[in-house]
Amino acid sequence: MKVKIQRIKLIVLAAVAALTALTFALSPRLENPVHASEGGAPTGRTGAPGETTCTGCHSQNTGVGHLTVTAPANYTPGQTYTIQVQQTTTDTSRSNWGFEIISLTGTTMAGTFANTTANTRIRTASTKNYVTQTTAGTFPGQTGTATWTFNWTAPATNVGSVTFYAAGLQGDGGGDTGGDQTYTTSVVSQPQATVVIHHGFADFDADGKADASVFRPSTGVWYLNRSTAGFTAPQLGISTDKLVPADFDGDDKADLAVWREAAAGQAAFYILQSSTSTVRTELFGQTGDKPVAVGDWDGDGKADPAVYRDSAVGSQSYFYYRGSLNNPSGNVTYVPWGTTGDKPMRGDFDGDGKMDAAVFRAGVWYINQSSTGTLRTDYWGLATDKFVPADYDGDGKTDVAVFRAGVWYVKQSSTGTAAYYNWGLDTDVLVPADYDGDGKTDAAVCRSGIWYVRSSSTGSMSVQNFGLGTDTPIPSAFVQ
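Because the structure is predicted, anything quoted here is derived from the model rather than measured.

Caption draft 1: Structural view of the side chain of Thr 163. The topology assignment puts Thr 163 in strand β10 (residues 162–171). In contact with Thr 163, other than residues within four places in its own chain, are Ile 102, Ser 103, Leu 104, Ser 186, Val 187 and Val 188.

Caption draft 2: Focus on the environment of Ala 118. Its place among the elements puts Ala 118 in the loop between β6 (112–115) and β7 (120–125). In sequence terms Ala 118 and Trp 148 are 30 residues apart; their C-alpha atoms lie 9.7 Å from each other.

Caption draft 3: Expanded view of the sheet that holds strand β15 (residues 242–243). Spatially, four strands are ordered β15-β16-β17-β18 in an open sheet, and the strand pairing comes out antiparallel. The open sheet terminates on both sides in strands that have one partner only, identified here as β15 and β18 (278–283). Here two bridges tie β15 to strand β16 (residues 256–260), and the two strands are oriented antiparallel to one another. For Leu 243, the partnering residue across the bridge sits in β16 and is Val 258.

Caption draft 4: Spotlight on unusual backbone geometry. Backbone geometry at Asp 252 places phi at a positive 70°, although glycine is not the residue there. Here Asn 326, not a glycine, exhibits a phi torsion of approximately 50°, which is positive. Locating Asn 326 in the fold gives a position in the loop between β20 (316–321) and β21 (333–339).

Caption draft 5: Quick look at the side chain of Asp 434. You can see Asp 434 is positioned in the loop between β30 (429–430) and β31 (444–447). Buried charge without a salt bridge: Asp 434, with Lys 209 as the nearest opposite-charge side chain at an N-O distance of 8.8 Å. Within the local environment of Asp 434, its side chain forms a polar contact with the backbone nitrogen of Gly 437, the two atoms lying 3.0 Å apart. One polar contact links the side chain of Asp 434 to the main-chain amide nitrogen of Gly 439, over a distance of 2.9 Å. If we skip the residues at most four places from it in the chain, Asp 434 touches Gly 208, Lys 209, Ala 210, Gly 439, Lys 440, Thr 441 and Asp 442.

Caption draft 6: Fine view of the sheet that holds β6. Pairing in this open sheet of four strands is antiparallel, and the strands run β1-β3-β9-β6 from one edge to the other. This sheet does not close on itself; its edge strands, each paired only once, are β1 (66–70) and β6. Across this sheet, the average inter-strand angle for adjacent strands is 25°, counted without regard to direction. Pairing between strand β3 (residues 80–88) and strand β9 (residues 145–153): nine bridges, direction antiparallel. The residue bridging Tyr 81 from the neighbouring strand is Trp 152, located in β9.

Caption draft 7: Expanded view of the nonpolar core. The biggest cluster of nonpolar side chains holds 31 residues, and the ones touching the most others in it are Val 244, Phe 248, Phe 269, Val 294, Tyr 435 and Trp 451. Mapped by element, the contributors of at least two residues to this core are β12 (212–216), β13 (221–226), β16, β17 (268–273), β31 and β32 (450–454). Discounting chain neighbours no more than four positions away, the residues touching Phe 248 are Asp 255, Ala 257, Ile 271, Arg 280, Val 294, Lys 302, Ala 303, Asp 304 and Pro 305. Within the second largest apolar cluster, 30 residues are counted, among which are Ile 83, Trp 97, Phe 150 and Tyr 183.

Caption draft 8: Inspection of the environment of Asn 465 at higher detail. Turning to its location among the elements, Asn 465 is positioned in strand β33 (residues 461–465). Relative accessible area serves as the criterion here: at 61%, Asn 465 is assigned to the exposed category. Expressed as a C-alpha distance, the spacing of Asn 465 and Tyr 452, which sit 13 residues apart in the sequence, is 9.0 Å.

Thresholds applied
- Residues numbered from 1 in each chain as written.
- Predicted model: local features only at pLDDT ≥ 70, side-chain atom pairs only at ≥ 80, totals over all residues.
- Heavy atoms only, no water.
- Helix = DSSP H or I, 4+ residues; strand = E, 2+ residues; numbered from the N terminus.
- Contact = heavy atoms within 4.5 Å.
- Pairing = 2+ DSSP bridges.
- Buried < 20%, exposed > 50% of the residue type's maximum accessible area, 1.4 Å probe, protein only.
- Lys, Arg positive; Asp, Glu negative; His and termini not counted.
- Salt bridge = Lys/Arg side-chain N within 4 Å of Asp/Glu carboxyl O.
- Polar contact = N/O pair within 3.5 Å; in protein donor to acceptor, adjacent residues only side chain to side chain.
- Axes fitted to C-alpha atoms, helices over the stretch in contact; angles between N-to-C directions.
- Core = buried A, V, L, I, M, F, W, Y, C linked by side-chain atoms within 4.5 Å.

The following block contains the structure:
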């Protein structure tokens, strides 16, 4: 009996062995996958510095095909773009497709990817992300061309040039790696040139020179003596409005604008846009806010409605603004900065084309630099001074500056050294702006309708009679 059982076991084992051998013989070998890996290419196959290409697994072949990448020539930090990878060929034997792409600054990952179709997937290796094809994205049996699209969000800050490295595979569907063709390409995207508005909030004709101009509270009329376009007298606002002239529509001309204090949901900016000659109303802020914060907060070349809200005793204060860049819903951004009793300051202190949250407290300027998100402190001035921050040295950065007893005290950002200008009386209205068009703010005062300007280009004085003693000089709108 034992002998028979052993013979039966041997017969069964032999049958299993034969079936197993047959199964392996009929199965495809795992080391020879279908061309254009169905699960996506392994990471590190883009041809970027230190990486291989598809020829790491496939034979090196050339053909008549092409690989192209469509990416933005210039990027704005934080903005999202659609990237397209496309392969084409006149070789009709190409019938499945693959690719891999990465975006780098040097050898560092730059930006982030996101899938927008079922034809791509994202793979991660250490700190780097790659986009490659899915099974559906191999387009089996398709000839002539293959196209993939997905999103790329630029780095949050300017990191310099970004290079997209890509490798593409055009397979022949032969079930092995011998007949495939590999192509590579790279495309460079440069940071968008920083938009810095040098013409300021008192240049109403975009000639690069500030214009002597006044607001007459009794009539709501703005009298503008434009240095190139000539005299004009439009009407906007009432006597209790706060003047907030700035370039809200991005045409490089200051727009007439006022902020009218009221309860939340009723307070509003009224802006006469120079590009269309139409009034735009922006409900924004509430009673007690300070509209000194008006300026370009998102770097798109357009001023944004903004206010500073002082906190209750011992609490956090905030800057609020409604950015015009990529904000179709009109969302409000808030920046916690400062505390009870701080004085908000207006300016782009780091020269990146964006307003910085800044306050003055007990002789110290506390500046949240938008380019780095880091704190900068400057010890400059007294609480009893008048505050006149502006770009006095022409380097594209706002200088911390105060006026005291007829003297302008300026800490030049280009050198870190002080400049002093003896100009004006304590009773004068301060009207700093760039009147001579050299890109530097001029120390200037208005006294009973007479304008005294110290030209930064020559150091000489120019005098102009414009307006009445009861008018409000417009270039004084943001002086505190």
